[in-house]
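# Report on the structure
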Amino acid sequence: MMATDQTVHGVPPSLSAKVVGSFAYLTVRDRLPTILTKVIDTIHRNKNKFFEEYGEEGIQAEKQTIALLSKMRNELQTDKPVLALTDTLQDTEYWNQYLQKQQKLQGNEESVSWFKSPWLYVECYMYRRVQEALWLNPPISDYDVFNEGKTQSFFESQQAMMALCTYLEGVNKNMEDLSKNQLLEHFNKLLQVSLWGNKCDLSISAGQDNSQKTSPIDSLNSLQPFILVNDSNMVWSTLISAQRPGQSEKTTAVRVDIVLDNAGFELFTDLVLADFLVSSGLAHEVHFHGKSIPWFVSDVTANDFQWTIQQTMAANHKWMSKNGVQWKSHLKEGVWFYHDHRFWTQPHEFCDMATDAPDLYATLQGADLLLFKGDLNYRKLTGDRDWDYTVGFNTALRGFGPAPLCSLRTLKANVQVGLQPGQGEKLGSQDPDWMTSGKYAVIQFYSSKSEQKD
Ligand SMILES: O=P(O)(O)OC[C@H]1O[C@](O)(CO)[C@@H](O)[C@@H]1O
Ligand SMILES: [Mn+2]
């Protein structure tokens, strides 16, 4: 299955930069070249480091990587055809097959290009080409060009993280005495903190500082009106009905999977939520899914995940370091798991997952609840298509649903489904940037077990 260009069987076309003036167009024209320029600057700034580590070879690698990236930036800006990948990474073949299928769909090789093809495809492809440029230049092939921004955003959010840890300590300390309603209240708060944590990505701002500076719990009430769809009651009831009293821990363990988005403050909010799910007994296992290569500027890789936990342990704050120690032990004891899979850094709509990554689909089927963080995951859930606002989330998912799932997303791209009639139009007239500013959010749920919501 593939992203198509035309409306086929009621499925609207993919968003694309070919629509002049659209958000996709502005992203490909302005934001992606800016991101590439920053990548080039970062590599150049680290020239001395490469020299110290690898001598003259490091300098050559720096030069050649920059040459490849500048070439790509030029291809992008002049709307050249998308080229096949030439490296030998684990997913190269999949990418090249995807390109061939896209060429068939679009008619010929020339027509698969930066401004003419689906936006989701070309934007993912850009990050994969950055990886190619590095990979073709050992010894710097493992260098994470976005690492500096991610670590900086972690440190800039420290105050907010400490406030969150103090809150979590208060909850965990009184856990035994909490009524079900109090538990629900804390659950809703931490779900919303994790939701708004998604405001802090570095891709929408093309790498500009976007960290959380105020106490996240205190802001929740004033943010409430900006949640356009709030299905959190269904998320809660999914967790409650998943509780299975029984003999063996293996069969009764409730499992939540979190498909991560950004490092920095957002990841921290996800870890706090996961901590609460476990300490409250709402879940017994949490599986985190991250990216296997640096992705969309701020997305979490295995390295970012480990680093964040180390930093949390090392924090100069009693409750924060206590949490870090707890999280490390969750990982060691098999309560928390970290996974990555090539599919998360491919351009596919998630409705293709069952066919194109059946192993990952099967893994996700083992969860009682899937939480998809962020905007890019929402774009992939809905296929990044030009849906009407009132189309049901289940329709836009086009059969994807390995387990009950919920998207926690602040709106940063112009795709949104599941709104009330007139709601999107009203927002558009009040606030023209409502779909891309990150000011609005959704907690949107789907389960094949529940009633169809169309
Ligand atoms: O980190 P997130 O929430 O997936 O957002 C990534 C950003 O990149 C984009 O996917 C495209 O640039 C935007 O839609 C979004 O602002
Ligand atoms: Mn992201």
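As the structure is a prediction and not an experimental result, all values here were calculated from the model.

## Here we look at the overall build of the chain
Assigned secondary structure in the chain consists of 19 helices and 7 strands. For 454 residues, the compact-globule estimate of 2.2 N^0.38 gives 22 Å, and the C-alpha radius of gyration of the chain, at 22 Å, lies within 12% of that figure. Along the longest, intermediate and shortest principal axes, the C-alpha atoms of the chain span 65 × 55 × 45 Å. Taken across its 454 residues, the chain has 59% of its residues classed as buried.

## A closer look at helix 14 (residues 318–332)
The terminal C-alpha atoms of helix 14 lie 21 Å apart, and with 15 residues this matches the ideal 21 Å at 1.5 Å per residue to within 8%. Buried residues along helix 14 sit against helix 6 (147–156), helix 7 (158–173), helix 12 (265–279), helix 13 (302–314) and strand 4 (336–340). Looking one or two places after helix 14, you find glycine 334, whose phi comes out positive at around 75°.

## Quick word on the packing of aromatic side chains
Following the criterion strictly, the structure yields 32 aromatic pairs and no others. Both rings, one in phenylalanine 343 and one in tryptophan 344, keep their centres 6.5 Å apart while their planes meet at 70°; by these two values the pair is edge-to-face. What makes phenylalanine 343 buried here is its relative accessible area of 0%. Taken together, the aromatic side chains of Phe268, Phe288, Phe305, Trp327, Trp336 and Tyr338 make up a single cluster linked through ring pairs. In this structure, arginine 379 is placed above the aromatic ring of tryptophan 119, and the distance from its NZ or CZ to the ring centre is 3.4 Å.

## A short note on the coordination of the manganese ion (ligand 2)
The protein atoms donating to the manganese ion (ligand 2) are Asp261 (OD), Asn262 (OD1) and Asp299 (OD), with metal-donor distances spanning 2.1 to 2.2 Å. Counting along the primary sequence, the residues that act as donors to the manganese ion (ligand 2) give the motif D-N-x36-D. For the pair aspartate 261 and asparagine 262, one class covers both residues: buried.

## Concerning the pairing of strand 3 (residues 285–290)
Extensive coverage of strand 3 is indicated by the burial of 6 of its 6 residues. Covered by surrounding structure in strand 3 are Glu285, His287 and His289 together with Val286, Phe288 and Gly290, the residues of both alternating faces. Judged from the 5 bridges that link them, strand 2 (residues 255–259) and strand 3 form a sheet pairing that is parallel. Directly across from isoleucine 258, in strand 3, lies its bridge partner phenylalanine 288. The β-α-β motif built from strand 2, the intervening helix 12 and the parallel element strand 3 has right-handed crossover chirality. Two elements, strand 3 and strand 4, share 5 bridges in a ladder whose sense is parallel. Bridging across to strand 4, glycine 290 finds its partner in aspartate 340.

## Comments concerning the site of ligand 1
Around ligand 1, a shell composed of 17 residues is seen, among which Glu123, Asp375, Leu376, Arg379 and Lys412 lie nearest. Within the backbone of leucine 376, a nitrogen or oxygen atom sits 2.7 Å from an oxygen atom of ligand 1. Bound to the protein, ligand 1 loses 100% of the 390 Å² it would expose on its own. Taken together, the elements giving at least two residues each to the shell around ligand 1 come down to helix 1 (23–45), helix 5 (119–135) and helix 17 (374–381). Residues of the shell around ligand 1, tallied by class, amount to 5 nonpolar, 5 polar and 7 charged.

## Some details on the side chain of glutamate 285
You can see glutamate 285 is positioned in strand 3. Although glutamate 285 is buried, it forms no salt bridge, and the closest oppositely charged side chain is arginine 255 at an N-O distance of 4.7 Å.

## Considering the nonpolar core
Ranked by size, the top nonpolar core spans 82 residues in total, and within it Met353 and Phe400 carry the most contacts. The element that contributes the greatest number of residues to this core is helix 5, accounting for 11 residues. Not counting residues within four places of it along the chain, the set of residues in contact with phenylalanine 400 comprises Phe350, Cys351, Met353, Tyr361, Leu364, Phe372, Leu381, Leu405 and Tyr446. In this structure, Val171, Leu191, Ala283 and Leu371 belong to the second largest nonpolar core, which totals 61 residues.

## Description of the pattern of salt bridges
Counted according to the given criterion, the structure contains 23 salt bridges. A salt bridge links arginine 129 to glutamate 132, with the shortest nitrogen-to-oxygen separation between them at 3.3 Å. Placement of the pair is arginine 129 and glutamate 132 together in helix 5, with a separation of 3 residues, close to one helical turn. Each member of the pair, arginine 129 as well as glutamate 132, is classed as buried. In this structure, a network of salt bridges that share partners links the residues Lys71, Glu75, Arg129 and Glu132.

## A word on the sheet that holds strand 6 (residues 405–410)
Overall, mixed pairing links the 7 strands, which are arranged 1-7-6-5-2-3-4 in an open sheet. On the outer flanks of this sheet lie strand 1 (227–230) and strand 4, each paired with one strand and no other. The mean angle between the axes of side-by-side strands here comes to 15°, regardless of whether they run parallel or antiparallel.

Rules used in this analysis
- Residues numbered from 1 in each chain as written.
- Chains lettered and ligands numbered in written order.
- Predicted model: local features only at pLDDT ≥ 70, side-chain atom pairs only at ≥ 80, totals over all residues.
- Heavy atoms only, no water.
- Helix = DSSP H or I, 4+ residues; strand = E, 2+ residues; numbered from the N terminus.
- Rg over C-alpha atoms; globule rule 2.2 N^0.38 Å.
- Buried < 20%, exposed > 50% of the residue type's maximum accessible area, 1.4 Å probe, protein only.
- Expected span 1.5 Å × (residues − 1).
- Contact = heavy atoms within 4.5 Å.
- Phe/Tyr/Trp six-rings, centres within 6.5 Å; stacked < 30°, edge-to-face > 60°.
- Lys NZ or Arg CZ within 6 Å of the ring centre and 35° of its normal.
- Donors = N, O, S within 2.8 Å, 3.2 Å for Na, K, Ca; no water.
- Pairing = 2+ DSSP bridges.
- Right-handed = clockwise from strand over helix to strand, strands pointing away.
- Near = heavy atom within 4 Å.
- Polar contact = N/O pair within 3.5 Å; in protein donor to acceptor, adjacent residues only side chain to side chain.
- Areas by Shrake-Rupley, 256 points an atom, 1.4 Å probe, with all protein chains shown as cover.
- Nonpolar A, V, L, I, M, F, W, Y, C, P; charged D, E, K, R; others polar.
- Lys, Arg positive; Asp, Glu negative; His and termini not counted.
- Salt bridge = Lys/Arg side-chain N within 4 Å of Asp/Glu carboxyl O.
- Core = buried A, V, L, I, M, F, W, Y, C linked by side-chain atoms within 4.5 Å.
- Axes fitted to C-alpha atoms, helices over the stretch in contact; angles between N-to-C directions.

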